[in-house]
Amino acid sequence: MIPRLLFRRPFDSALFCGFLGVTGLLLLAEAAGRLGLVSTVQFPLASTVLVAAAGLAADPEFLLDVGATFAAWAMGLALTVAVAVPAGLLLGSVPAVERALRPVIEFLRPIPSVALIPLAAFVFTERLDMKIAMIMYASTWPILINTMYGLREVDPLAKETLRTFGFGRLAVLLRVSLPSTAPFIATGVRVAATIALILAISTELLAGGSDGIGAFIILAGSSPDGLTLTVAATVWAGLLGIATNGAFVWAERRIFHWHPGTAR
Amino acid sequence: MTTRPPAPTKGLSTRRSFGPRVGTALRAALSRLARLWIVPVVLLVWELATRAMRHPFFPPPSLIVTHMRELWFTGSPATLWLNDTALANFPQSLGRLLAGWVLAGVGGVTLGVAIGRSSLLYRFLDPIIQFGRALPAPALLPMFLALFSTGTRMQVATITFGIVWPVLFNAADGARSVEPGHLETARVFGLSRGQRLARVILPSAAPKIFAGLRLSLSLALILMVIAEFFSTEGIGFQLRAAQRAFDLPGVWGAIVLLGILGYLLNQGFLLLEKRALTWHDAKM
């Protein structure tokens, strides 16, 4: 399908147009630098950044940092899911608990997560623990809220049917509510995954430490061609963000293809 | 209200319906207040637990509040009790946050609607938007520091660039999913391009646009704090200064203050959204 479109009318292909768009932007940035519109001292040329980014892909030290960030990201996200999904199920299925805790949630949620980093820097001696704690604080909310919201959308007829057949509350929760809430939980996890990556890198940036993409960016800042390396590392961070988000979208589509609200 | 029995005579009905209405309003207010019972309980448990722990990292809330008062709220009632330190930091922070948010909002909605209405433009720019959305905004800070050095320009630029993506993405998404029948109808009735934009496209994209704006407002607060960590004034700087001085109650105080600010911003936004979207019934 796609190749045929590509040959007949190239501008109908999202892939081709997207490629042109990205190339165009890069060329524009390159031209701005070469023509002196933007001082190359202030901001490196697009080509310089791309070369540096390619070099980073083969730099074992940078790869170690990426691995460290990802390890914290994965652990933090897994722990968040393990805590937030049961909590969301509890809050969503027992209205009394939800009513009682709602004010607390509404006061905790608006606290900007990065504001907690200075406090966490005192409390946690291990950098990994600290990253995981920050990730858990910030990425709990989307999962919790989505789980609660998903439970509200469960078909009451299905629940009633199972109850008529004599199933208990827990059985109804596990057999009807949880499967039909799963797509909402998956969306929450996808949003949380993005937030978790941001928090992992922010914590590395602000709390120092020796490993991670954020620590690499801080260290690069003090080297002579620091800005180029910083921007190149940021480009990688963005690409990693796209890759993880894409993987989650892909998995959601495969698992929940039957659900009408599945992410496009 | 709905179960109120019909009043027998007109003269009586005004008097009789007045009583129950005040009663229901009062009862509603009381039950809303009663729903907050957990707040004093949490505060009490927090106070007792921290007093029992005597851990320097976890000061009791009473100490945090008195410390916050000493730090920021010793001014005169005319300035809402804010003192000079508060007045030298809070308005600047809030101003930069709102400036960045408004810039990102105006730019993001304009560009987003344009992208959403042109499928060719959408295909060209979609990967760039996806990349921007995926960039962890705090990682951009060293770049903006190098570009602008510290100061208001750097902070507003960081905030704007960091939060424009959700607005852009949501505005494009909203403008793309306008009901084609509505646009056709508008065209049949002879509405000009501008009128179609103002009367059909923007209203039907509004719920999505507001969702993006709300997300970007909470992101703006986060970026404001981070940008001010590398600055010499603002609430974020106060937090950083307290951390450097090992002033734990100060750190907690700044966090509480930022939490209150986040809460107020969110509530204010919800109010704005409610006013703007009253016509939209499908809203959650």
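Residues numbered from 1 in each chain as written. Chains lettered and ligands numbered in written order. Predicted model: local features only at pLDDT ≥ 70, side-chain atom pairs only at ≥ 80, totals over all residues. Heavy atoms only, no water.

A. Broad picture of the overall build of chain A. A count of helices and strands for chain A gives 11 helices and zero strands. Ordered by position from the N terminus, the helices and strands of chain A form the series α-α-α-α-α-α-α-α-α-α-α. Its C-alpha atoms give chain A a radius of gyration of 23 Å, clearly above 18 Å, the size a compact globule of 264 residues would have. By its C-alpha atoms, chain A is 75 × 60 × 30 Å across when sized along the principal axes. The 264 residues of chain A split such that 44% are buried. In chain A, 70% of the contacts between residues at least 6 apart in sequence involve partners at least 24 apart. Working note: accessible area of chain A is about 13500 Å², and carbon and sulfur atoms make up 70% of it. Computed over 18 positive and 16 negative side-chain charges, the separation of the two mean positions in chain A equals 14 Å. (Helix = DSSP H or I, 4+ residues; strand = E, 2+ residues; numbered from the N terminus. Rg over C-alpha atoms; globule rule 2.2 N^0.38 Å. Buried < 20%, exposed > 50% of the residue type's maximum accessible area, 1.4 Å probe, protein only. Contact = heavy atoms within 4.5 Å. Areas by Shrake-Rupley, 256 points an atom, 1.4 Å probe, with all protein chains shown as cover. Lys, Arg positive; Asp, Glu negative; His and termini not counted. Charge placed at Lys NZ, Arg CZ, Asp CG, Glu CD.)

B. Representation of the overall build of chain B. A tally of regular secondary structure across chain B gives 11 helices and zero strands. Tracing chain B from N to C terminus, the helices and strands come up as α-α-α-α-α-α-α-α-α-α-α. Whereas a compact globule of 284 residues would reach a radius of gyration of roughly 19 Å, chain B reaches 25 Å, over 25% beyond that. For chain B, the spread of C-alpha atoms along the three principal axes comes to 75 × 70 × 35 Å. Within the span of chain B, comprising 284 residues, buried residues form 42% of the whole.

C. The domain arrangement of chain A, seen in detail. Residues and elements named next belong to chain A. Segmenting chain A into domains produces domain 1 (1-43) and domain 2 (44-255). Centre-to-centre, using C-alpha coordinates, domain 1 lies 31 Å away from domain 2. Listed by partner, the interface residues are nine residues for domain 1 and seven residues for domain 2. Summed over the three residues of domain 1 that lose the most area to domain 2, namely Leu26, Glu30 and Phe43, the buried surface amounts to 66% of that side. (Domains from an automatic or database assignment. Buried area = accessible area lost by both parts, 1.4 Å probe.)

D. Seen up close, the layout of surface pockets. Size it by volume and the second largest pocket reaches roughly 1400 Å³. Of all elements in the fold, only helix H2 (14-34), helix H3 (46-57) and helix H11 (226-255) of chain A together with helix H4 (84-117), helix H5 (119-134), helix H6 (141-148) and helix H7 (152-176) of chain B reach the threshold of two or more residues within the lining of the second largest pocket. When residues in the lining of the second largest pocket are grouped by element, the largest group, seven residues, is from H2 of chain A. In the lining of the second largest pocket, the residues fall into 35 nonpolar, three polar and no charged. (1 Å grid on protein atoms, 1.4 Å probe; cavity = no way out; pocket = protein on both sides within 12 Å on 5 of 7 lines; lining within 4 Å. Points joined across faces, edges and corners; volume = space filled by probe spheres on them. Nonpolar A, V, L, I, M, F, W, Y, C, P; charged D, E, K, R; others polar.)

E. View of the domain arrangement of chain B. For chain B, the domain assignment lists domain 1 (1-54) and domain 2 (77-276). For domain 1 of chain B and domain 2 of chain B, the distance between their C-alpha centroids amounts to 36 Å.

F. Structural context of unusual backbone geometry. Residue and element names in this part refer to chain B. Located in the positive-phi region is Arg54, a residue other than glycine, with phi close to 55°. For Arg54, the location among the structural elements is in the loop between helix H2 (38-53) and helix H3 (61-72). Backbone geometry at Phe246 places phi at a positive 55°, although glycine is not the residue there. Counting through the fold element by element, Phe246 comes out in the loop between helix H10 (235-244) and helix H11 (248-276).

G. Layout of H3 of chain B. Residue and element names in this part refer to chain B. Taking 1.5 Å per residue as the helical rise, H3 with its 12 residues ought to reach 16 Å, and the 16 Å between its terminal C-alpha atoms agrees with that figure. Taken together, the buried positions of H3 are Pro61, Ile64, His67, Met68 and Trp72. Along H3, the residues classed as buried sweep out an arc of 120° about the axis, all on the same side. For H3, exposure combined with an orientation more than 90 degrees from the buried face picks out Arg69 and Glu70. In this fold, the buried residues of H3 make contact with H2, H4, H10 and H11. (Expected span 1.5 Å × (residues − 1). Arc of directions from axis to C-beta.)

H. Local environment of the packing of H4 of chain B against H7 of chain B. Axis separation between H4 of chain B and H7 of chain B bottoms out at 6 Å; the angle between their running directions is 35°. With respect to the hand of their crossing, H4 of chain B and H7 of chain B are arranged in right-handed fashion. (Axes fitted to C-alpha atoms, helices over the stretch in contact; angles between N-to-C directions. Left-handed = near helix turned anticlockwise from the far one by under 90°.)

I. Region of the structure containing the interface of chain B and chain A. With 48 residues of chain B at the contact, the number on the chain A side is 51 residues. Buried surface at the junction of chain B and chain A, both sides included, amounts to about 4200 Å², of which 80% is carbon and sulfur. Viewed at the interface, chain A and chain B are joined by zero salt bridges. Taken together, the elements giving at least two residues each to the side of chain B that touches chain A come down to H2, H5, H6, helix H9 (193-229), H10 and H11 of chain B. Here the element with the most residues in the side of chain B that touches chain A is H5 of chain B; it accounts for nine residues. A class-by-class count of the residues in the side of chain B that touches chain A yields 37 nonpolar, four polar and seven charged. (Salt bridge = Lys/Arg side-chain N within 4 Å of Asp/Glu carboxyl O.)

J. Broad picture of the pattern of salt bridges. This structure, assessed with the given rule, holds 11 salt bridges over all chains. We note a salt bridge from Lys131 of chain A to Glu204 of chain A, for which the minimum N-O separation is 2.9 Å. Taken together, the residues Lys131 of chain A in helix H7 (residues 127-152) and Glu204 of chain A in helix H9 (residues 169-207) connect sequence positions 73 residues apart. The same class applies to Lys131 of chain A and to Glu204 of chain A, which are both buried. Between Lys208 of chain B and Asp173 of chain B there is a salt bridge, with its nearest N and O atoms 3.3 Å apart. Here Lys208 of chain B, found in helix H9, pairs with Asp173 of chain B, found in helix H7; they are 35 residues apart in sequence, far enough to count as distant. Its relative accessible area of 30% is what places Lys208 of chain B among the partly exposed residues. Since its relative accessible area comes to 10%, Asp173 of chain B is described here as buried.

K. Main features of the nonpolar core. Membership of the largest hydrophobic core comes to 125 residues, with the highest contact counts inside it found for Met224, Val225, Leu239, Ile255 and Leu258 of chain B. Among the elements that make up this core, the one with the highest residue count is H9 of chain B (17 residues). Apart from the residues within four sequence positions on either side, Leu239 of chain B is in contact with Ala115 and Pro118 of chain A together with Val225, Phe229, Val251, Ala254, Ile255 and Leu258 of chain B. (Core = buried A, V, L, I, M, F, W, Y, C linked by side-chain atoms within 4.5 Å.)

L. Quick peek at the confidence of the model for chain B. Per-chain confidence: chain B averages 84 in pLDDT, with 90% of residues scoring 70 or above. Between residues 1-17 of chain B, whose pLDDT stays under 50, and residues either more than four places distant or in other chains, the model counts seven contacts. (pLDDT = per-residue confidence, 0-100.)

M. Layout of the packing of aromatic side chains. Residues and elements named next belong to chain A. Evaluation of the coordinates by the stated rule reveals 15 aromatic pairs over all chains. Ring geometry for Phe62 against Phe216: centres 4.8 Å apart, planes inclined by 65°, an arrangement best described as edge-to-face. With Phe62 in helix H4 (residues 60-93) and Phe216 in helix H10 (residues 213-220), this residue pair connects regions lying 154 residues apart in the sequence. Pair check on accessibility: Phe62 and Phe216 agree, each one buried. (Phe/Tyr/Trp six-rings, centres within 6.5 Å; stacked < 30°, edge-to-face > 60°.)

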